[in-house]
Amino acid sequence: LADGEDLAQRLTRGPISVDDALPIALQIAEALEAAHEKGIIHRDLKPSNVMVGSDGGVKVLDFGLAKVWEPEASETDLTKSPTLTEQMTQAGVILGTAAYMSPEQARGKPVDKRADIWAFGVLLYEMLTGQQSYSGKTITDIIAAVVTRDPDWEALPPQTPSQIHRLLARCAQKEPRERLHDIADARIEIEEAITAPDSRLAEVTPPKAQRRAFLLVTAVVAAASLGLATWSLTRLAWKAQQPLSRFVIGPPASQPLHLTVAHTDLAVSPDGRTIVYTGLQDGDRHLFVRSLEELEATPLRGTERGVSPFFSPDGQWVGFYDQSSLKKVRIEGGSVVTICDAADGVEGASWASNDSIVFAKGTLGTGLFRVSAGGGEPEVLTSPVAERREVLHVRPDVLPGGRGVLFMAFSGDRESLAGGRIPVSGGRIPVSEGRVAVLDLETGMYKTLVQEGSNPRYSPTGHLLYGVKGTLRAAAFDLQRLELTGDSFPIVEGILSKVSGAVNFAFSSDGTLAYVPGAQEELGANLALVWIDRDGQRETIPATLGASPSPRVSPDGGRIAFEVQDATGSDVFVLDLARDTFRRLTFDRAFDSSPLWTPDGHGLVFSSTRDGARNLYFKAADGTGNVERLTMSTNEQIAHSWFADRMTLVLNERDAERETWNVLTLPLEGERVPERVLDSEFDELSPQVSPNGRWIAYSSNESGRSEIYVRPLPNVQTGRWQVSTDGGMLPMWSPNGRELFYRALVQARYAPFATAGDMMVVNIENAPTFTHGRPEILFETQGLAGRRGSSYDVSPDGERFLMVSRSEGRSLPIHLVLNWFEELNHRVPGN
């Protein structure tokens, strides 16, 4: 009933041109992908089961159909040899048509979707060459060819794109575990070959042929140098003869990239044979190791919560940061070794040839540090210079021979940016304010190389590489004088980069480039707002993808105020839940954040850096009128709740002199003179007034870690109760005042914007005096954001919680370019 002719009929007229064959192959791959996603394996893919319509549409037919095995006749057409079948689901039975069956089918072994991938490669090869990959006079001869021989790769037409060469070779691996793992990867390769004709730069020698060429060159070089040539020289000589090669690898959907805000997500070993990336598996984050000689990645044990991977110079170790320490582990696995404490964070690290590691903490006011790879106390290498308006040094790259260190220097006003305490991963420093600098380790002096750039890296070709808004640029660099010797030029566009300055690219010392494609990543691109009930059931609010922390529910429950950040600032938005419509309230290129509804729901108070320090402002919720400034202070301020009179704000203000956070009140009537309520040597954060106005809850680090406390109002000095027992932050009252919610503390260390954990609840008795029960877990918050501000809110009925959900990872591809240095030197001659 399908219109058109099958491929078997079409192939009787000879091979199909590359331009015509690839769209057909793409549709076949899409069909198989749809089937595989539903757990269906075709097991009998061949030309006669593919119908090409007159409109170019392709249908894959006969899923699961079996034919009776008839005795072989002397005139058998082996391209249409009958399907071999009997008790089809049992191991030990040969399935499929001889010319297109996989080796495991031919051996009578159990099969999975990789058998379809084998047949897909055989089919595509036949379309391009007009001949079968495996042929013989009898079915037995064909099966023998399938099991023992390789296709004639030289028969492929010269105009075949390089990635199609590689795709066919990956489909034709005899062992299933070495074969292309997912048909979706084939689809991606074909799409790129169709849409990027410039990728047809050169043919790629298939893997087995590459290995033969490698051995041949090894022998020649060894003989010519009388045995003095090393393996590395041989490999470099081999790679120098190979053309530029581009292809795409997973990660598969089951192990997607986990895109962090502040870190690079992948690294390439010095020899270019191994990639390490940050990914997810079953909801847990790991570092994954992917050898280019294997088709699958494996999680590296002991690297849970690991980010910012980097290799040792010999490629035997992988360094990483696990949210508390700088650590290392052997690439083949083993015990994880702690190098040093890094409780304040790590924003890039580089392993030097003298077995030291240079890293950055990523907290405002800090520079670069150096520590022995064997462990020890870090030493300070650089400190931001106030006269240059520097606030931070990050993303170091140690130059060969230990001559110097490339790094990224941020500039700005510390008070207006973050009060000296908020890490870059908070997204407050635009990438445009980053500069590329170089430190001379002999003199201890550093200088600027590029006025705007991020993630600097040195290439053995004599180039400085760095990112600018998703584009990788290169300039000739003199390693001895530590100076640029030429202009910079764009080399690769469309690399995923982040507001923190992290750019997702890495390369080996012999020219293997790996990068994650994409535009400049917005801070909230992986975030969405969700409702969570008391049982932990989640309901995503789809319209809010990209929302950042600090969502607030209106008093009537019908609207949500939240902020959205990008590389240049943040703005406040309001979502009408009934109409599913947005209203943007602020438009200035500043950081407008932490909205708080007025008690009547007619307006919003928010923090903004539009006039310097982060002060408080007001805007009508319907968007009418101008923004009104409420406070004028040199200190950073965040509004959190209202007094019972509904006209007095309760806020946090950071005392820049003492570097502590205090609690203040601000009347909006009269002269608006702030009054300090809690003022101590400790941080008192997130103050929340109870619905009856009798109590104020807040978090404090007076015990050495963040805990939840409650004090009476109006006189806070007449009592104090510690409500949490094992750390806590971000308190919030239930609307009836009979419960106090807060987030458990994930990390033992305290910081104003530390990571929050599970939702906790404490029962409250208000009369005759304040009493409370024991804290209990209300629900787990895995995958939910919990940094800075108010990362959640409670619905007016107290039955649901508005929270920020982090993406569980994104199935973004990793692009690889082999022998990339040839292109780099051609486009930008180096030193």
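Presented here is an overview of the structure given in this document. (Residues numbered from 1 in each chain as written. Predicted model: local features only at pLDDT ≥ 70, side-chain atom pairs only at ≥ 80, totals over all residues. Heavy atoms only, no water.)

### Some thoughts on the overall build of the protein
Quick reminder of the rule: Strands are runs of DSSP state E lasting at least two residues, helices are runs of H or I lasting at least four, and both sets are numbered from the N terminus onward. Here the accessible surface of atoms and residues is derived via Shrake-Rupley with a 1.4 Å probe, and residues count as covered only by protein chains that are part of the display.
Scanning the protein for helices and strands turns up 11 helices and 55 strands. For the protein, the accessible surface area stands at approximately 33800 Å², while carbon and sulfur atoms represent 49% of it.

### Comments concerning the packing of aromatic side chains
Note the threshold: To pair, rings of Phe, Tyr and Trp, with the six-membered ring standing in for Trp, must have centres within 6.5 Å; the planes then decide the type, stacked if under 30 degrees apart, edge-to-face if over 60, and tilted in the middle. Only protein chains enter the accessibility calculation, which uses a 1.4 Å probe. A residue is then buried if its area is under 20% of the maximum for its type, exposed if over 50%, and partly exposed in between. Any Lys NZ or Arg CZ that is within 6 Å of a ring centre and within 35 degrees of that ring's normal is treated as a charge sitting over the ring.
Evaluation of the coordinates by the stated rule reveals 19 aromatic pairs. Plain terms: the ring middles of Tyr698 and Tyr709 are 5.9 Å apart, the flat faces sit at 25° to each other, and that makes the pair stacked. Of this pair, Tyr698 sits in strand E45 (residues 695–700) while Tyr709 sits in strand E46 (residues 707–712); the two residues are 11 residues apart in sequence, bridging distant segments of the chain. A relative accessible area of 1% places Tyr698 in the buried class. On the basis of relative accessibility, which here comes to 4%, the residue Tyr709 falls in the buried class. Relative to Phe821, the ring of Trp820 lies with its centre 6.1 Å away and its plane at 45°, an arrangement referred to as tilted. Pair check on accessibility: Trp820 and Phe821 agree, each one buried. Three or more aromatic residues link up through ring pairs in this structure, and these residues are Phe505, Phe507, Trp820 and Phe821. The ring of Tyr617 has Arg610 lying over it, and the distance from NZ or CZ to the ring centre is 5.6 Å. One residue, Arg800, lies across the ring of Trp531, its end atom 4.0 Å from the ring centre.

### Overview of the nonpolar core
Note on soluble globular proteins: their nonpolar side chains tend to be buried together. For clarity, the threshold we go by: Here, nonpolar core means buried Ala, Val, Leu, Ile, Met, Phe, Trp, Tyr and Cys residues that are tied together by side-chain atoms lying within 4.5 Å of each other. Throughout, a residue-residue contact means that at least one pair of heavy atoms, one from each residue, lies within 4.5 Å.
One finds Leu7, Ile28, Leu45, Phe120 and Ile164 to be the most contacted residues of the largest nonpolar core, which totals 50 residues. Mapped onto this core, the elements with two or more residues apiece are helix H1 (7–11), helix H2 (18–37), strand E2 (50–52), strand E3 (58–60), helix H4 (113–129), helix H5 (139–148), helix H6 (162–171) and helix H7 (183–195). Among the elements that make up this core, the one with the highest residue count is H4 (10 residues). The contacts of Ile28, once residues within four sequence positions are left out, are Leu7, Leu45, Val50, Val58, Val60, Phe120 and Leu123. Counting residues in hydrophobic clusters, the runner-up holds 18 residues, among them Val358, Val398, Met408 and Ala409.

### Focus on unusual backbone geometry
Omega for the bond connecting Leu713 with Pro714 falls within 30 degrees of zero, at 10°, which places this linkage in the cis form. Unusually for a residue other than glycine, Asp355 sits at a positive phi of about 65°. With a relative accessible area of 40%, Asp355 lands in the partly exposed category. Non-glycine residue Arg389 carries a positive phi angle of around 60°. A relative accessible area of 48% places Arg389 in the partly exposed class.

### Section: the sheet that holds E3
Across a sheet, strands are paired by hydrogen bonds formed along the backbone, either parallel or antiparallel in direction. Short version of the rule: By definition, two strands form a pair when at least two bridges between them are found by DSSP. Only the stretch in contact is used when a helix axis is fitted, and all axes are lines through C-alpha atoms; the angle between N-to-C directions ranges over 0 to 180 degrees.
Strands sit in the order E1-E2-E3 across an open sheet of three strands; the sheet is antiparallel. Only two strands of the sheet have a single partner each, and these edge strands are strand E1 (5–6) and E3. Sheet topology places E1 next to E2; two bridges connect them, and they run antiparallel. Looking at E2, one finds that Glu5 is bridged to Val52. Its contacts with the sheet put H2 on E2 and E3, and the angle it makes with E3 is roughly 40°.

### Quick word on the pattern of salt bridges
Formally: Salt bridge, as used here: a side-chain nitrogen of Lys or Arg that lies within 4 Å of a carboxyl oxygen of Asp or Glu.
Going through the model one piece at a time under the given rule, you end up with 34 salt bridges. Residues Glu347 and Arg395 are paired through a salt bridge, measuring 3.0 Å at the closest nitrogen-oxygen approach. Of this pair, Glu347 sits in the loop between strand E12 (337–341) and strand E13 (349–351) while Arg395 sits in strand E17 (residues 390–398), and the two are 48 residues apart along the sequence. In this pair, the class of Glu347 matches that of Arg395, namely buried. With a closest N to O distance of 3.0 Å, Arg370 and Glu379 form a salt bridge. Assessed through its relative accessible area of 23%, Arg370 is described here as partly exposed. Through salt bridges with shared partners, one network takes in Glu653, Asp655, Arg658, Arg676 and Asp679.

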